Amino acid sequence: MRDINVALIQMATSLDVDANIGVALSRLDGLVASGARPDLVCLPEMFTFRALGSRRISEVGVHAGSGLAAELAARARRLGSYLVGTWIVDEGGGVYTNRCHVFSRGGDLVGGHRKTHLFDAPGHAESAYVTAGDRLSVVEADFGTFGIVVCYELRFPEVARTLALAGAECLVVPNSWPRDGAGRAREELGVLLAAAAVQNQAYVVHANQTGVVADLELVGGSCVIDPSGRLVASAGERDRDLLARLDGTLVDEVRARRLVFAHRRPELYEPASVVRLKD
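A brief report on the enclosed structure follows. Here, residues in each chain are numbered from 1, in the same order as that chain's written sequence. For a predicted model such as this one, the threshold for reporting local features is a pLDDT of at least 70, and the threshold for listing and counting side-chain atom pairs is 80 or more; totals across whole chains, interfaces and linings nevertheless cover every residue. Hydrogens and waters are ignored; side-chain quantities use all the structure's heavy atoms.

**Notes on the pairing of strand 1 (residues 4–10)**
The classification of residues rests on relative accessible area computed with a 1.4 Å probe and restricted to protein chains. Under 20% of the type maximum is buried, over 50% is exposed, and intermediate values are partly exposed. Helix and strand assignments come from DSSP, with helices taken as H or I runs of at least 4 residues and strands as E runs of at least 2, each series counted from the N terminus. Within strand 1, 6 of the 7 residues are buried, which leaves the element mostly enclosed by the surrounding structure. In this structure, strand 1 lies alongside strand 17 (residues 240–246), joined through 7 bridges in antiparallel fashion. The partner of Asn5 across the bridge, within strand 17, is Arg245. Think of it this way: DSSP has to see at least two bridges between two strands before they count as a pair. Where strand 1 meets strand 2 (residues 40–42), 3 bridges bridge the pair, whose relative direction is parallel. For Val6, the partnering residue across the bridge sits in strand 2 and is Leu40.

**Some words on the nonpolar core**
Think of a nonpolar core as a cluster: buried Ala, Val, Leu, Ile, Met, Phe, Trp, Tyr and Cys residues, connected wherever their side-chain atoms sit within 4.5 Å. Phe146, Leu171 and Leu246 are the most contacted members of the largest nonpolar core, which has 50 residues in total. At 5 residues, the largest contribution of residues to this core is made by helix 5 (residues 185–200). Setting aside its immediate chain neighbours within four residues, Leu246 contacts Met1, Arg2, Asp3, Ile4, Val6, Cys170, Tyr203, Val205 and Val224. One finds Val62, Ile88, Val89 and Leu118 within the second-largest nonpolar core, a separate group that totals 35 residues. By definition, residues are in contact when any of their heavy atoms lie within 4.5 Å.

**Observations concerning the packing of aromatic side chains**
Paired rings are identified among Phe, Tyr and Trp, the last through its six-membered ring, by centres lying within 6.5 Å, and are further divided according to the angle between planes into stacked (under 30 degrees), edge-to-face (over 60) and tilted (the rest). One pass over the full model with this rule turns up 5 aromatic pairs. Taken together, a centroid distance of 5.2 Å and an interplanar angle of 85° make the contact between Tyr152 and Phe156 edge-to-face. Judged by relative accessible area, Phe156 falls into the partly exposed class, the value being 26%. By the ring-pair criterion, three or more aromatic residues cluster together here, those being Tyr82, Phe143 and Phe146.

**Observations concerning unusual backbone geometry**
Positive phi, close to 50°, is recorded for Gln201, a residue that is not glycine. With a phi close to 65°, Asp215 is a non-glycine residue in the positive phi region. Classification of Asp215 as exposed rests on a relative accessible area of 80%.

**Points about the sheet that holds strand 9 (residues 138–141)**
Through backbone hydrogen bonds, the strands of a sheet pair up, either in parallel or in antiparallel fashion. With mixed pairing, the 6 strands of this open sheet are ordered in space as 9-10-11-12-15-16. Whereas interior strands pair on both sides, the edge strands pair on one side only; in this sheet they are strand 9 and strand 16 (231–234). Averaged over neighbouring strand pairs, the angle between their axes works out to 15° when direction is ignored. Lines are fitted to the C-alpha atoms to define the axes, a helix being fitted only along its stretch in contact, and any angle between axes, read from their N-to-C directions, falls within 0 to 180 degrees. Its contacts with the sheet place helix 5 against strand 11 (170–174), strand 12 (203–207), strand 15 (223–225) and strand 16, and it is angled at close to 150° to strand 12.

**A few points about the environment of Asp16**
Along the polypeptide, Asp16 turns up in the loop between strand 1 and helix 1 (17–34). According to the relative accessible area criterion, Asp16 is partly exposed, its value standing at 39%. Separated by 119 residues in the primary sequence, Asp16 and Arg135 have C-alpha atoms spaced 31 Å apart. Among residues more than four places away in sequence, those in contact with Asp16 are Thr48 and Arg55.

**Observations regarding helix 4 (residues 157–165)**
Listed as buried for helix 4 are Val159, Ala160, Leu163 and Ala164. For helix 4, the angular spread of the buried residues around the axis is 130°, confining them to a single face. Positive backbone phi, approximately 115°, marks Gly167, located one or two places after helix 4. Directions pointing from the helix axis toward each C-beta atom define the arc.

**Notes on the pattern of salt bridges**
By salt bridge we mean one thing: a side-chain nitrogen of Lys or Arg within 4 Å of a carboxyl oxygen of Asp or Glu. Here the structure, examined in full by the defined rule, presents 23 salt bridges. Note that Arg75 is salt-bridged to Asp29, the shortest N-O span being 2.9 Å. You can see Arg75 sitting in helix 3 (residues 68–79) and its partner Asp29 sitting in helix 1, a full 46 residues away along the chain. The class for Asp29 is partly exposed, based on a relative accessible area of 30%. A salt bridge links Arg105 to Asp39; the nearest nitrogen and oxygen atoms lie 2.9 Å apart. Taken together, the positions of Arg105 in the loop between strand 5 (95–103) and strand 6 (109–114) and Asp39 in the loop between helix 1 and strand 2 put the pair 66 residues apart, joining distant regions of the chain. Judged by its relative accessible area of 10%, Asp39 is buried.

Here's what the structure looks like:
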């Protein structure tokens, strides 16, 4: 992986899909106007609409044939950047997915990753609105390979490890992580992000929502974490863009110091291999 510059857009959303899209496009236009030319730009998860359950899914799903993809493709071209954007897609036939789209520097749609692990918890069931994907995704960019980890997928270490084994040197995490009733969501999120970086010896590039929508508080904390677990840059909880530089050689250096992947023993990582010791 070579050195790259990244831009993370930390934004608050409302109950108005068009307004949310307008904010995201305006923020991207702001990057263009600033003269910034990051190699990678990431919007947060569900930047078009976050408050599932507050409106009918048919009212907030963006049709696959809408102009949003074309608008984002145009911004990717103007920036000369890879652009990652995740939103609820109306696939047709009553099927909706939480899909992460990746655009190339030239504005081509490289592909889409459908979120595989849906957040179901007391009082909230993502699976009631969208259909889960059944594939993980890596993107072979011109600067290196990055994997996509969408929000709740972060809680499953198998996801990030599988992406790293598939060649990912960077994990891109579009997120819309809310504060929980225990008040530990921000700290817990930080631990999970750092663990993904250290365990997989990869950069973590994390773009989260912030603010409050439909009584749901999003914790912000968009950040970049290096392969040794060091926090490179953080947006805090403010509505802002975060720019950071990734030292591509650090991935190889960290992996050369700790031969984690060479020392793996996959034959042990199944429940059937566990010996049960009893008193």
